[in-house]
Amino acid sequence: MEDIFDSEFQHSNVPAKIYAALEKVHDVVKAAQWNMAKHHGLSPLQLSVLLFVKNHAPNLNKPAVLAKEFLVTKPTMTETINALSRKGLVLKEKDIKDTRSSFINLTKTGVALVKEITSYPQSLLKAIETMKSNDQNDMLLSLLNLLSNLLDENILIPERNCFTCQHYKGDKLNHHRCQLLNKKLSVKTLRFDCEEHELIS
């Protein structure tokens, strides 16, 4: 197997270059996230959990689901939630249908903090916005296809985008349709994180 980190190999291998570029983008995101989290006395995981809970339905805001979402163990997620609870940022509410589980909700303090921490992606977002509209669309399609391919390789990542949903009908290039919504979709309206998502079986 070739060493994708070898510069000479990267010079002649496009997938290796793409991987290296994605890793650089990841580094930019994690650095911005770390700085914002540190500023507010949080860990990066705690910051991510707060943002996720704020923007998702209760059925996804459960410890076991959150552990899968962020690719961590259940004990790690439990400790993360307990830490946020001690800081007065979240509350745990028992699930009356399953008393062994609970929903995670933000407190008023948590909601206020989320408004402050959502600014960290702005630098990267501005860089993306400077790209031409067609280039943005091409990048989105490529990333959706990449995530879909990861699932095909049995890499267990939480995915709720159109290309991995059984309601999607199209060619993943020029033609897109959602059978659930019964409507044609443009690239701009393709969903990256859909609550009605049903994973292709």
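The residue numbers shown here count from 1 along each chain, following its written sequence. This being a predicted model, a pLDDT of at least 70 is required before a residue's local features are given, and a value of 80 or more before pairs of side-chain atoms are given or counted; all residues contribute to the totals for chains, interfaces and linings. Note: side-chain values were computed over all heavy atoms of the structure, leaving out hydrogens and water.

1. Brief notes about the packing of helix 2 (residues 14–39) against helix 3 (residues 44–55)
When two helices pack together, their arrangement is given by the angle between the helix axes and by the axis-to-axis distance. The geometry of helix 2 relative to helix 3 is characterised by a closest axis approach of 8 Å and an angle of 90 degrees between their N-to-C directions. In terms of orientation, helix 2 and helix 3 fall into the roughly perpendicular class. Contacts from Gln 33, Trp 34, Met 36 and Ala 37 in helix 2 reach Pro 44, Leu 47 and Ser 48 in helix 3. Class assignment for the residues of the contact of helix 2 with helix 3 results in five nonpolar, two polar and no charged. Only the contacting stretch of a helix is used when fitting its axis, a line to C-alpha atoms as for every element, and angles between N-to-C directions run 0 to 180 degrees. Helix numbering and strand numbering both begin at the N terminus, where a helix is a DSSP run of H or I of at least 4 residues and a strand a DSSP run of E of at least 2. The labels follow the angle: roughly parallel below 35 degrees, roughly antiparallel above 145, roughly perpendicular from 65 to 115, and oblique for the rest. Only heavy atoms enter the contact rule, under which two residues are in contact if any of them lie within 4.5 Å. All amino acids are sorted into three groups, where Ala, Val, Leu, Ile, Met, Phe, Trp, Tyr, Cys and Pro are nonpolar, Asp, Glu, Lys and Arg are charged, and the leftover types, Gly among them, are polar.

2. Regarding the sheet that holds strand 3 (residues 168–170)
The pairing criterion is simple: DSSP has to find at least two bridges between the two strands. Strand order in the open sheet made by the three strands is 3-4-5, with antiparallel pairing throughout. This sheet does not close on itself; its edge strands, each paired only once, are strand 3 and strand 5 (183–184). One ladder, built from three bridges, connects strand 3 with strand 4 (residues 176–178); its direction is antiparallel. Across the sheet, Lys 169 pairs through a bridge with Arg 177, a residue of strand 4.

3. Description of unusual backbone geometry
Positive phi, normally seen in glycine, also occurs at Lys 172, with a value near 60 degrees. Secondary-structure assignment places Lys 172 in the loop between strand 3 and strand 4. Phi at Asn 182 is positive, roughly 55 degrees, even though this residue is not glycine. Along the polypeptide, Asn 182 turns up in the loop between strand 4 and strand 5. A simple rule labels every residue: compare its accessible area, found with a 1.4 Å probe on the protein chains alone, to the largest value its type can have, and call it buried under 20%, exposed over 50%, or partly exposed in between. On the accessibility criterion, Asn 182 (55% relative accessible area) is exposed.

4. A word on the environment of Phe 9
For Phe 9, the location among the structural elements is in helix 1 (residues 7–11). The exposure class assigned to Phe 9 is buried, which follows from its relative accessible area of 17%. Considering only alpha carbons, one finds Phe 9 and Asp 171, 162 residues apart in sequence, at a separation of 32 Å. Every residue in contact with Phe 9, bar those within four places of it in the chain, is listed here: Glu 2, Asp 3, Ile 4 and Ala 16.

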